[in-house]
Amino acid sequence: MNISKVSGKNTKHKVLVYALSTCVWCKLTKQFLNDNNIQYEFVDVDLADEKDKEKIHETIQNKGGMLSYPTIIVDENIVINGFRKDKLTEVLEI
Amino acid sequence: MITLDQVRRRAEADAKTYGYYLTPQPELLQGFIEGLKTNEDRYGYPVCPCRLASGVYDYDRDIICPCDYRDPDVAQYGSCYCRLYVNKEVYESKNLPEVPERRPIEKQQRAYGTQATATEKTPTQGEEKKQPAQASKQQPTVKKKLWYCKQCGYVVFREDPPYICPICKAKKEMFAKIESAIEFNG
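Everything quoted here is computed from the prediction, not taken from an experiment.

1. Examining the domain arrangement of chain B
Note: interface size is frequently given as the accessible area lost on complex formation between the parts. In terms of domains, chain B is made up of domain 1 (4–112) and domain 2 (145–177). Using C-alpha coordinates to define each centre, domain 1 of chain B is positioned 21 Å away from domain 2 of chain B.

2. Here's the deal with the environment of Asn95(B)
Note that Asn95(B) resides in the loop between helix 5 (88–93) and helix 6 (105–109). Spatially, the C-alpha atom of Asn95(B) lies 10.0 Å from that of Gly78(B), the residues being 17 residues apart in sequence.

3. Describing unusual backbone geometry
Across the junction of Tyr69(A) and Pro70(A), the peptide omega takes the value 0 degrees, indicating a cis bond. Topologically, Pro70(A) is positioned in the loop between helix 2 (50–62) and strand 4 (71–74). Cis geometry is adopted by the peptide bond preceding Pro66(B), which originates at Cys65(B) and carries an omega value of 0 degrees. Relative to the helices and strands, Pro66(B) resides in the loop between helix 3 (57–60) and helix 4 (70–77). For Asp75(A), which is not a glycine, the phi torsion comes out positive at approximately 50 degrees. By the element assignment, Asp75(A) lies in the loop between strand 4 and strand 5 (78–81). Classification of Asp75(A) by C-beta neighbours within 10 Å gives exposed; the count is 12. We note that Lys94(B) has phi near 65 degrees; this positive angle belongs to a residue other than glycine. As for its position among the elements, Lys94(B) is in the loop between helix 5 and helix 6.

4. Concerning the sheet that holds strand 4 of chain A
Residue and element names in this part refer to chain A. Ordered by their spatial adjacency, five strands build an open sheet running 1-3-2-4-5, and the pairing between neighbours is mixed. Each having just a single partner strand, strand 1 (4–6) and strand 5 make up the two edges of the open sheet. Within the sheet, the average angular offset between the axes of one strand and its neighbour, ignoring direction, is 20 degrees. As judged from the four bridges shared by strand 2 (residues 15–19) and strand 4, these two strands associate in the antiparallel manner.

5. Focus: helix 2 (residues 26–43) of chain B
The end-to-end C-alpha separation of helix 2 of chain B is 26 Å, in line with the 26 Å expected for 18 residues at 1.5 Å each. Within the sequence span of helix 2 of chain B, burial applies to Gly31(B), Phe32(B), Ile33(B), Gly35(B), Leu36(B), Lys37(B) and Asn39(B). Buried residues along helix 2 of chain B sit against helix 1 (24–35) of chain A together with helix 1 (4–18) of chain B. Gly44(B) sits one or two residues past helix 2 of chain B and shows a positive phi near 95 degrees.

6. Side note on the interface of chain A and chain B
If you look at the interface, chain A gives 16 residues, while chain B gives 15 residues. Broken down by secondary-structure element, the contributors of at least two residues to the side of chain A that touches chain B are helix 1 and helix 2 of chain A. For the side of chain A that touches chain B, the leading source of residues is helix 2 of chain A, giving four residues. Across the side of chain A that touches chain B, the residue classes tally to eight nonpolar, three polar and five charged.

7. Focus: the sheet that holds strand 3 (residues 145–149) of chain B
All names here are of chain B. One open sheet accounts for three strands, arranged 4-3-5; its pairing is antiparallel. Taken across any chain shown, the strands that pair with only one partner, and hence form the sheet edges, are strand 4 (155–158) and strand 5 (175–177). Going across the sheet, the axis of each strand differs from the next one's by a mean of 30 degrees, ignoring polarity.

8. Digging into the nonpolar core
Ranked by internal contacts, the top residues of the largest apolar core, which has 49 residues, are Ala19(A), Cys23(A) and Tyr69(A). Breaking this core down by element, the ones donating at least two residues are strand 2, helix 1, strand 3 (40–44) and strand 4 of chain A together with helix 1, helix 2 and strand 2 (85–86) of chain B. For Cys23(A), the contacting residues outside a window of four places in its chain are Tyr69(A), Pro70(A), Gly35(B), Pro49(B) and Cys50(B).

Conventions we followed
- Residues numbered from 1 in each chain as written.
- Chains lettered and ligands numbered in written order.
- Predicted model: local features only at pLDDT ≥ 70, side-chain atom pairs only at ≥ 80, totals over all residues.
- Domains from an automatic or database assignment.
- Helix = DSSP H or I, 4+ residues; strand = E, 2+ residues; numbered from the N terminus.
- Buried ≥ 20, exposed ≤ 12 C-beta atoms within 10 Å, placed from the backbone.
- Pairing = 2+ DSSP bridges.
- Axes fitted to C-alpha atoms, helices over the stretch in contact; angles between N-to-C directions.
- Expected span 1.5 Å × (residues − 1).
- Contact = placed C-beta atoms within 7 Å.
- Nonpolar A, V, L, I, M, F, W, Y, C, P; charged D, E, K, R; others polar.
- Core = buried A, V, L, I, M, F, W, Y, C linked by C-beta atoms within 7 Å.

Here is the structure:
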């Protein structure tokens, strides 16, 4: 799977963003993480191949998330659906 | 290839027709227009930039912008799922609401290869044409039916009736299936 890494000074949490390359809210999420110097990984799901899409589908659903974008997975168990600054601030302790 | 300006003008015209406004935040609007253009270039139709498309027209038909869910979402929340189309109140207040996904999960799942065995690749020169490994050659289709609006008579041929009749604005419940039968006598 093509996972892109964005380095940042804040590495307190493991952050993975499932995004769409066409989605404005996904771009804003990435921008928010960049602005707060958070280290994170992301996958643009619309550009992934069919096998990876299936894996992502399984991962999100196993963690109890919805199939909406962006979906942010923090420390492999906290799922945030949508660009929610308040939730991100709280979970990432910004 | 469609231009950004054409996508924007099409959205503006559609908003005007239905009495909606486009999102009041210019940078968001620009992002939506770019996303729609990318999807139209990629799939051949302007599928919602905030949702994952399957690339199969029949599967994505309900999320081609303006999507099937826009009218009920604007009526209930003041905005569509993406927040591209908003009502006057939201436009003036500039407070964009949270809009939950109304699209049924079964339809969302079609984009994950679980049902969509689509995206048939035409083999390029020199590339051997592979035999379908899991007999997944057939083009996925949905079962379409004829529906008519009991209020105005509008007829549509699709998987589900629309949430709101595009002609008379009657609700989904006003749609009934048209059953047809052919009898042979003699």
